[in-house]
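The chain contents come next:
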Amino acid sequence: MKVLHLLQNYYPSIGGTQIFFQKMSEGLVQNYGDEVEVYTTDSYYGPDKMHYKPITPLVENINGVKITRFKFLHIHKPAIKLINKVSAKLLGKLSQTMAGYLAGPISVKMACAIRFTDADIIVGSSNGYWYMRYPLIRKNLANAKPFVFQGAIHFDENDIIKSVTPKMIDAIKASEYYLANTEYEKAKLIQLGVCEDKVVVVGSAVALKDFENADKKLAKENFSLSDDDFTVGYLGRLEATKSINVLIDAFVLAKQKFPC
């Protein structure tokens, strides 16, 4: 089977989605003999980020997976950021349309490649990028492909609509399957009208064996901690959407309940 993965970034860019799909892509090749190709941007950073650092070459094969990286428009980002800032101040909310232009990725070559792919199935990630609207536009294509939607949605407990636009909910509903990281994510999608049978919880776990030989004592020394200091591990970027504050609050509550 020929599989096409659509991603905002791929190795050597580092992140949860990048690692998740690299493991999946290489696993499909090595364990099932599938032909896997990745369409992605040519940047270490997401197409919605202000920073841009190119990755070369644009086409290469890594562990049996063919990666095709596409250049995309990013000169417009400062203007979009300014428009969003004004919108937030005047209207009290961000413009979803402008947010879409910021995320993009805006790439004619990537859009054409997706349109004419000969893959048997397409799997895309993450929620919010333009290529994730494929399930909505494929009805106009002569060679429409089945689509699996991996959203990695960071739901807001107070207002779940802010986490995913109505357009993306429509795209999820139009997909064959949705890959959820957690049961919580699945429950939120069902609340938004997504068919329960369409959502499959696959998880997104840390490979513990990669840390089996870690030197705990040396790690504590690097942070000037004593041997009896209690530590909590976190793997991920330091940004608001990761809700690290929830982890810290949970640790404080646990420490109060179990002082020892």
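That block above? That's the structure.
What counts and what doesn't
- Residues numbered from 1 in each chain as written.
- Predicted model: local features only at pLDDT ≥ 70, side-chain atom pairs only at ≥ 80, totals over all residues.
- Heavy atoms only, no water.
- Salt bridge = Lys/Arg side-chain N within 4 Å of Asp/Glu carboxyl O.
- Helix = DSSP H or I, 4+ residues; strand = E, 2+ residues; numbered from the N terminus.
- Buried < 20%, exposed > 50% of the residue type's maximum accessible area, 1.4 Å probe, protein only.
- Pairing = 2+ DSSP bridges.
- Right-handed = clockwise from strand over helix to strand, strands pointing away.
- Axes fitted to C-alpha atoms, helices over the stretch in contact; angles between N-to-C directions.
- Patch = residues over 30% accessible without salt bridge, like charges linked within 9 Å, V, L, I, M, F, W, Y side chains within 5 Å.
- Areas by Shrake-Rupley, 256 points an atom, 1.4 Å probe, with all protein chains shown as cover.
- Lys, Arg positive; Asp, Glu negative; His and termini not counted.
- Charge placed at Lys NZ, Arg CZ, Asp CG, Glu CD.
- Polar contact = N/O pair within 3.5 Å; in protein donor to acceptor, adjacent residues only side chain to side chain.

Draft legend 1. Molecular detail of the pattern of salt bridges. This structure, assessed with the given rule, holds six salt bridges. With a closest N to O distance of 3.8 Å, lysine 66 and glutamate 37 form a salt bridge. With a gap of 29 residues between them, lysine 66 in strand S4 (residues 65-70) and glutamate 37 in strand S2 (residues 35-41) connect regions that are remote in the sequence. Taking the relative accessible area as the measure of exposure, glutamate 37 reaches 12% and is therefore buried. Lysine 71 serves as the salt-bridge partner of aspartate 42, at 3.6 Å between the closest nitrogen and oxygen. Here aspartate 42 is found in the loop between S2 and strand S3 (59-62), whereas its partner lysine 71 is found in the loop between S4 and helix H2 (77-91), with 29 residues between them in sequence. Given a relative accessible area of 57%, lysine 71 falls into the exposed group. Overlapping salt bridges, with partners in common, bring together Lys2, Glu35 and Asp118 in one network.

Draft legend 2. Expanded view of the pairing of S2. Among the seven residues of S2, six are classified as buried, and the element is accordingly described as predominantly covered. When strand S1 (residues 2-6) meets S2, the two strands line up parallel, connected through five bridges. Bridge pairing links leucine 4 to glutamate 37 in S2. For the crossover from S1 across helix H1 (residues 16-32) to S2, the handedness is right-handed. Examined bridge by bridge, S2 and S4 share five bridges and lie parallel to one another. Bridge assignment links glutamate 37 to a residue of S4, and that residue is lysine 66.

Draft legend 3. Structural context of the sheet that holds S4. Read from one edge to the other, the open sheet built from eight strands follows the order S3-S4-S2-S1-S5-S6-S7-S8, with strand pairing classed as mixed. Each edge of the sheet is formed by a strand with only one pairing partner; in this case those strands are S3 and strand S8 (199-201). Pairs of neighbouring strands in the sheet enclose a mean axial angle of 25 degrees, with direction left out of account.

Draft legend 4. Structural context of a negative patch on the surface. Together, Asp215, Glu221, Asp227, Asp228 and Asp229 make up a region of like negative charge exposed at the surface. If you trace the backbone, aspartate 229 turns up in the loop between helix H8 (216-222) and helix H9 (244-257).

Draft legend 5. Highlighting the environment of threonine 40. Here threonine 40 shows up in strand S2. Sequence-wise, threonine 40 and tyrosine 10 are 30 residues apart; in three dimensions their C-alpha atoms are separated by 6.6 Å. In terms of polar contacts, threonine 40 uses its side chain to reach the backbone amide nitrogen of asparagine 9, at 3.3 Å.

Draft legend 6. Quick look at a nonpolar patch on the surface. Together, Phe230, Val232, Tyr234, Leu238, Leu247, Ile248, Phe251 and Val252 make up a nonpolar patch on the protein surface, roughly 760 Å² of accessible area in all. Residue placement: valine 232 occurs in the loop between H8 and H9. With relative accessibility at 44%, the residue valine 232 sits in the partly exposed group.

Draft legend 7. Representation of unusual backbone geometry. Cis geometry marks the peptide bond from glycine 104 to proline 105, where omega comes out at -10 degrees. For proline 105, the position within the fold is in the loop between helix H3 (96-103) and helix H4 (108-115). In this model, serine 125 is joined to serine 126 through a cis peptide bond whose omega is 5 degrees. Residue position: serine 126 is located in the loop between strand S5 (121-124) and helix H5 (134-137). A positive phi angle, near 50 degrees, is found at asparagine 63, a position not held by glycine. The backbone of alanine 152 shows a phi angle near 50 degrees, a positive value even though the residue is not glycine. Secondary-structure assignment places alanine 152 in the loop between strand S6 (147-150) and helix H6 (166-174).

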